[in-house]
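Residue-level structural notes
The chain contents come next:
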Amino acid sequence: MKKYLTCEEVENHPETALEEAREALQNCIEVTERDLRRYQGQFPPANSENGFYQPGPNIGWTTGFWAGEVWLSYMNTKNSQQKEFFHKEADHQVDSFLERIRNKVDVDHHDMGFLYIPSCVAAWKLTGNTKGREAALLAADQLMKRYRPEGSYLQAWGSMDDPKNHRLIIDCLLNVPLLYFASQETGEKRYRDVAEKHIHTTMQHIMRDDGSTWHTLYFDPSDGHFLHGATAQGYSNTTTWARGQAWGIYGTALSYGRTMNTEYVKAFRSITAYFLNHLPDDLCPFWDLSFGMGDEKREPRDSSASAIACCGLLAMSRLLPEEEGGRYRKIASRLLHSLIQFYQVTDSSVSDGQLLHGTYAKATPYNDCKNGGVDECVIWGDYFFMEALSQFLNPDQELFW
């Protein structure tokens, strides 16, 4: 049995019709409104449990995605009462994020972009919310503290004093846009300089010869030279974590958009081709790209990886010449069609999320994570699904990132 589709076979799948995308996005907006009323100012955690999120305080690295869903709903509804409701609720969330960064609540990590771009940068860009701008700039200052000049990168996790923590992860390509925002808003070049050094270090080492990517890069604590690649959440150090590959697709697109470094276009093509050549017949990847058709009974999908990849494909399609850009837009349309048809939540009795069959972390004998959110909704999957629909329907719309 064949394990994967070829890229050419992917391009033979049906595309998303505009009306199909409109209906899917409207459904997302209705889900967001229901959830806002149920959560009563609290935030959903990283993943659902048996299909439903159990809301709590604004902690962890994922709450910004929930705020992003609210802002996307605000952007994409034409109902004036609904729009006012989303605006009011999103502003309350901005207050929470400002308090969090002022008091340094659970912010000692690199995920400031994930937290503060879809929540507070979005608030400033969309409505001129000055608290959003203040919070985002404070978060950028917090992120700058993670910079290691000896290796020219932002350290991902853990104490800066522990030599075991000298590492970056591919996800951070989606955090550095916060530094570009800070540079633009303040006129201070130091933010941009750190962002570009981190991107350069990442792109220099993150991709293997075949276009697959490492999840984690380790550096020597003494002088910062690159040591080796590894995984924390993929199946093993020799396989490719699907969500990491998707972060690579979107991250290289954003990096090219900021720097116009044509080497990043080459990297994008390679990373994207590897992803597309490791998809099963419904175009939604398994949680690790080493799995494919025939593994359905023992391995879960990660729909969030497909949603992230869609966003990256759509973002890059804007930046490339018409022929190549149009091809990537059509591929995104095909991935999106699969998500709408087979993965979108359409029954509120099944789940209060947006996108079924995500995987947060799956433990194996070869990685160092614990099982969590396996075959559940994951909040970033919900967010990027909505963002992909919004990008698809409004190709000239400014990105939060």
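Up top you'll find the structure we're talking about.
Model, not experiment: these values are computed from the prediction.

Calculation notes
- Residues numbered from 1 in each chain as written.
- Predicted model: local features only at pLDDT ≥ 70, side-chain atom pairs only at ≥ 80, totals over all residues.
- Heavy atoms only, no water.
- Pairing = 2+ DSSP bridges.
- Helix = DSSP H or I, 4+ residues; strand = E, 2+ residues; numbered from the N terminus.
- Axes fitted to C-alpha atoms, helices over the stretch in contact; angles between N-to-C directions.
- Contact = heavy atoms within 4.5 Å.
- 1 Å grid on protein atoms, 1.4 Å probe; cavity = no way out; pocket = protein on both sides within 12 Å on 5 of 7 lines; lining within 4 Å.
- Points joined across faces, edges and corners; volume = space filled by probe spheres on them.
- Nonpolar A, V, L, I, M, F, W, Y, C, P; charged D, E, K, R; others polar.
- Left-handed = near helix turned anticlockwise from the far one by under 90°.
- Core = buried A, V, L, I, M, F, W, Y, C linked by side-chain atoms within 4.5 Å.
- Buried < 20%, exposed > 50% of the residue type's maximum accessible area, 1.4 Å probe, protein only.

**Notes on the sheet that holds strand β4 (residues 216–219)**
Sheet architecture is open: three strands sit in the order β3-β4-β5, paired in antiparallel fashion. Pairing within the sheet leaves two strands with one partner each, and these edge strands are β3 (167–169) and β5 (226–230). Within the sheet, the average angular offset between the axes of one strand and its neighbour, ignoring direction, is 20°. Where β3 lies against β4, three bridges are found, and the strand directions are antiparallel. If you follow R167 over to β4, its bridge partner there is Y218. Each of β3, β4 and β5 touches helix α8 (residues 189–205); the most contacted strand, β4, lies at about 105° to it.

**A closer look at empty space enclosed by the protein**
Per the stated rule, a full pass over the model turns up three cavities of 30 Å³ or more. What the largest cavity holds in volume is close to 80 Å³. Lining of the largest cavity is provided by L72, M75, R318, Y383, E387, S390, Q391, Q397, E398, L399 and F400. Among the secondary structure elements, those contributing two or more residues to the lining of the largest cavity are α3 (63–76) and α13 (379–393).

**Points about the layout of surface pockets**
Empty space within the largest pocket amounts to approximately 360 Å³. Lining the largest pocket are 18 residues, with K125, R258, E398, L399 and W401 positioned closest to its centre. Broken down by secondary-structure element, the contributors of at least two residues to the lining of the largest pocket are α5 (112–127), α7 (177–186) and α9 (242–259). Class assignment for the residues of the lining of the largest pocket results in eleven nonpolar, two polar and five charged.

**Some details on the packing of helix α10 (residues 262–276) against helix α11 (residues 303–317)**
Interhelical geometry of α10 versus α11 gives an angle of 145° and a closest axis separation of 12 Å. Relative to α11, α10 is oriented so that their crossing is left-handed. Contacts from V265, F268, T272 and F275 in α10 reach A305, S306, A309, G312, L313 and M316 in α11. A breakdown of the residues in the contact of α10 with α11 according to their chemical character gives seven nonpolar, three polar and no charged.

**Quick look at the nonpolar core**
Core analysis: the biggest nonpolar cluster contains 128 residues, and Y116, Y250, F384 and W401 have the highest contact counts within it. Aside from chain neighbours lying at most four places away, what touches Y116 is F97, R100, I101, V121, A135, A136, A139 and L178.

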